[in-house]
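If you want the building blocks of each chain, they are given just below.
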Amino acid sequence: MGKVKEYKNFIGGKWVGAQGGDTFENRNPANTSELLGIFQKSDHRDVNNAVAAASEAYRSWRLYPAPKRAEIVFAAARRLMESKESFARDMTREMGKVLAETRGDVQEAIDMSFYMAGEGRRMFGQTTPSELPNKFQMSLRMPLGVGAMITPWNFPMAIPSWKIMPALVCGNTVVIKPATDTPLSAINLVRTLDECGLPKGVLNLVTGTGSEVGTPLMKHPDVKVVSFTGSTEVGRSVSEACAPQFKHCHLEMGGKNVIMVMDDARIDLAVDGALWGGFGTTGQRCTASSRIVVHQKVYKKFLNRFVDRARQLRVGNGLDESVQMGPSINEKQLETVVRYVDIGRQEGAKLLCGGHRLTRGSYRKGWFHEPTIFADVNRKMRVACEEIFGPVVSVISCRSLEEAIDIGNSVEYGLSSALYTQDVNRAFTAMRDMYTGIFYVNASTIGAEVHLPFGGTKNTGNGHREAGQAALDVFSEWKAVYVDFSGRLQRAQIDNN
Ligand code: UN1
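Reading the values: rules and limits
- Residues numbered from 1 in each chain as written.
- Predicted model: local features only at pLDDT ≥ 70, side-chain atom pairs only at ≥ 80, totals over all residues.
- Heavy atoms only, no water.
- Phe/Tyr/Trp six-rings, centres within 6.5 Å; stacked < 30°, edge-to-face > 60°.
- Helix = DSSP H or I, 4+ residues; strand = E, 2+ residues; numbered from the N terminus.
- Buried < 20%, exposed > 50% of the residue type's maximum accessible area, 1.4 Å probe, protein only.
- Pairing = 2+ DSSP bridges.
- Axes fitted to C-alpha atoms, helices over the stretch in contact; angles between N-to-C directions.
- 1 Å grid on protein atoms, 1.4 Å probe; cavity = no way out; pocket = protein on both sides within 12 Å on 5 of 7 lines; lining within 4 Å.
- Points joined across faces, edges and corners; volume = space filled by probe spheres on them.
- Nonpolar A, V, L, I, M, F, W, Y, C, P; charged D, E, K, R; others polar.
- Near = heavy atom within 4 Å.
- Polar contact = N/O pair within 3.5 Å; in protein donor to acceptor, adjacent residues only side chain to side chain.
- Areas by Shrake-Rupley, 256 points an atom, 1.4 Å probe, with all protein chains shown as cover.
- Domains from an automatic or database assignment.
- Contact = heavy atoms within 4.5 Å.
- Buried area = accessible area lost by both parts, 1.4 Å probe.
- Salt bridge = Lys/Arg side-chain N within 4 Å of Asp/Glu carboxyl O.

**Description of the packing of aromatic side chains**
Phase 1: Applying the stated criterion across every chain yields a total of ten aromatic pairs.
Phase 2: Note on Phe279 and Phe306: the rings are 6.1 Å apart at their centroids and 25 degrees apart in plane angle, and the pair reads as stacked. Here Phe306 lies in helix α9 (residues 299–312) and Phe279 lies in helix α8 (residues 267–279), a separation of 27 residues in the sequence.
Phase 3: On the basis of relative accessible area, Phe279 is assigned to the buried category, the value being 2%.
Phase 4: Phe306 gets classed as buried once you look at its relative accessible area, which sits at 0%.

Now the structure itself:
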């Protein structure tokens, strides 16, 4: 093996080492003997330098015309298209998900970049008539300043792009701290933007841990907006850190998403959706279908087919095109999976498939677990309520659509939900009554597209959305502008009566 590459932080347009001189390793979760690279273990000093560079760059970037800012983002989208295959391969090696999915992840970054590039010539505000004569009024978006982005490992390029692209087009500058498990994909994205001519300091990247980099970054007084995707537990501390300064704070957190299968559903279609939503990305999506609520009339039929198909899933190294499910991201995540399988057993859920770590042969060096299905799950069991973030699906039986909706809404999260039915009335009823940020009919709970708002209710989010137009609301602030050209004092609410 050749010399392992060392990757640097990106601050003020330069690739630089961490001030403290410490580094950390990035290993392949499918084969931990494979070292992808050495990355900077940064601390508050590197954060301060990055925020200082971003603050300085903001002075001119905010005045750079939005269509010009967007042209850089557009160029990056095209360049990402050219690099798609190599970036997908890097991502599979550092994150573990299969190639088809990492290609999808890069594609999601491409889609977001093209979409936000278009916003450079839109970013519409409102013009409205005034209640007074000879007075003009409108609203326009203004940037906020330096944005801090803290991103997870499950969508190592897509999620950074969801945050970086709208932030840049709106005129903000950025400091991103990517997940320690997947820094390479974020570096690939940042490098691409740099190569497309982003002025220095506009986008900065600092790698390292949450406590040493994430915390000082979100608490930094010159950071004006924080966008975080990760666990609900950490999200709460982000929210608290932002509160004293009333920083804009966007949180995208956990999920316990449900697929509801009615007695009139096309069962094979529902099984396809449950397999894809439950075991795609090894269950490590915040949109994963970790609960399947099935009408009792088709419960057995669904379960038999679902278990049968899950048993056939090929688990392995995602670089092998025939593999359908990769490993968990790391040892700790795998331990969580194992713990929940134990919890499910103890709670009396019926283990129908999987339930074990895979440790033999080629699995020996990775964090692999069998696709696992629990049946006859009671809605109150922990496996039916808590986010596991692994290949574990709980199947619950129900007697009606109303009961399915009730079960679906009974958890503390509210990201995504899905209904399989042929009945338009049932579809619209569930569409109205599911209290989730995303809802699907006859499709799984995963697979959101970039031009609609993405996010959830309850403990999934804090009222904001990313992607689509909604992302602009996170990264800009409204200014209402009134121009009085009457040449005299006109008092609103008083002189117009
Ligand atoms: C996530 O799991 O954090 O809808 C994001 C989906 C993907 C994004 C998932 N487009 O499943």
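So much for the structure itself; the text now carries on.
**Observations concerning the sheet that holds strand β17 (residues 372–375)**
Phase 1: Pairing in this open sheet of seven strands is mixed, and the strands run β14-β17-β18-β13-β12-β20-β21 from one edge to the other. The open sheet has two edge strands with one neighbour each: β14 (350–353) and β21 (438–441). This sheet shows a mean twist of 20 degrees between the axes of neighbouring strands, independent of strand direction.
Phase 2: Relative to strand β18 (residues 392–398), strand β13 (residues 291–295) runs parallel, the two being bridged by five bridges. Note on β18: the bridge partner recorded for His295 is Cys398.

**Here we look at empty space enclosed by the protein**
Phase 1: Within this structure, the stated rule accounts for two cavities of 30 Å³ or more.
Phase 2: By volume, the largest cavity amounts to about 80 Å³.
Phase 3: Around the largest cavity, the lining is made up of 13 residues, and of these Gly283, Ala288, Ser290, Ile388 and Phe389 lie nearest the centre.
Phase 4: Tallied by class, the residues present in the lining of the largest cavity amount to five nonpolar, six polar and two charged.

**Concerning the site of the ligand**
Phase 1: Surrounding the ligand, one finds Glu108, Asn154, Phe155, Ile159, Trp162, Arg285, Cys286, Thr287, Ile446, Gly447, Ala448 and Phe454.
Phase 2: At 3.3 Å from an oxygen atom of the ligand is found a side-chain nitrogen or oxygen belonging to Asn154.
Phase 3: The separation between an oxygen atom of the ligand and a polar main-chain atom of Ala448 is 2.7 Å.
Phase 4: Protein chains bury 99% of the 320 Å² of accessible surface belonging to the ligand in isolation.
Phase 5: Considering only residue class, the shell around the ligand consists of seven nonpolar, three polar and two charged.
Phase 6: Each of two domains, domain 1 (9–253 + 461–480) and domain 2 (258–441), supplies a minimum of three residues to the shell around the ligand.

**Let's talk about the domain arrangement of the protein**
Phase 1: Domain annotation of the protein identifies domain 1 (9–253 + 461–480) and domain 2 (258–441).
Phase 2: Put simply, the middle of domain 1 and the middle of domain 2, counted by C-alpha atoms, are 31 Å apart.
Phase 3: Facing 26 residues of domain 1, the contacting portion of domain 2 comprises 28 residues.
Phase 4: Taken together, both faces of the contact between domain 1 and domain 2 bury some 2100 Å²; the carbon and sulfur share is 58%.
Phase 5: In this assembly, domain 1 and domain 2 are joined by two salt bridges.
Phase 6: Among the ionic pairs, Glu321 bridges to Arg103, the shortest N-O distance being 2.9 Å.
Phase 7: Broken down by element, the side of domain 1 that touches domain 2 gets its largest block of residues, five residues, from helix α2 (residues 66–95).

**What about the side chain of Ser42?**
Phase 1: Structurally, Ser42 can be placed in the loop between β4 (31–40) and α1 (44–61).
Phase 2: Overall, the relative accessible area of 0% leaves Ser42 in the buried class.
Phase 3: Polar side-chain contacts of Ser42 include one of 2.6 Å to the backbone oxygen of Thr207.
Phase 4: Setting aside its immediate chain neighbours within four residues, Ser42 contacts Asn9, Ala18, Val206, Thr207, Gly208, Glu212 and Val213.

**So, the layout of surface pockets**
Phase 1: Volume-wise, the largest pocket comes out at about 1400 Å³.
Phase 2: Lining the largest pocket are 47 residues, with Trp153, Ser231, Val234, Lys332 and Gln333 sitting closest to its centre.
Phase 3: Elements that contribute at least two residues to the lining of the largest pocket include exactly β3 (23–28), α6 (210–219), β10 (223–229), α7 (232–242) and α10 (331–347).
Phase 4: For the lining of the largest pocket, the residue count by class is 17 nonpolar, 19 polar and eleven charged.
Phase 5: A domain split of the lining of the largest pocket shows at least three residues from each of domain 1 (9–253 + 461–480) and domain 2 (258–441).
Phase 6: One number sums up the size of the second largest pocket: a volume of about 350 Å³.
Phase 7: Taken together, 20 residues line the second largest pocket, and the ones lying closest to its centre are Glu108, Phe155, Arg285, Gly447 and Ala448.

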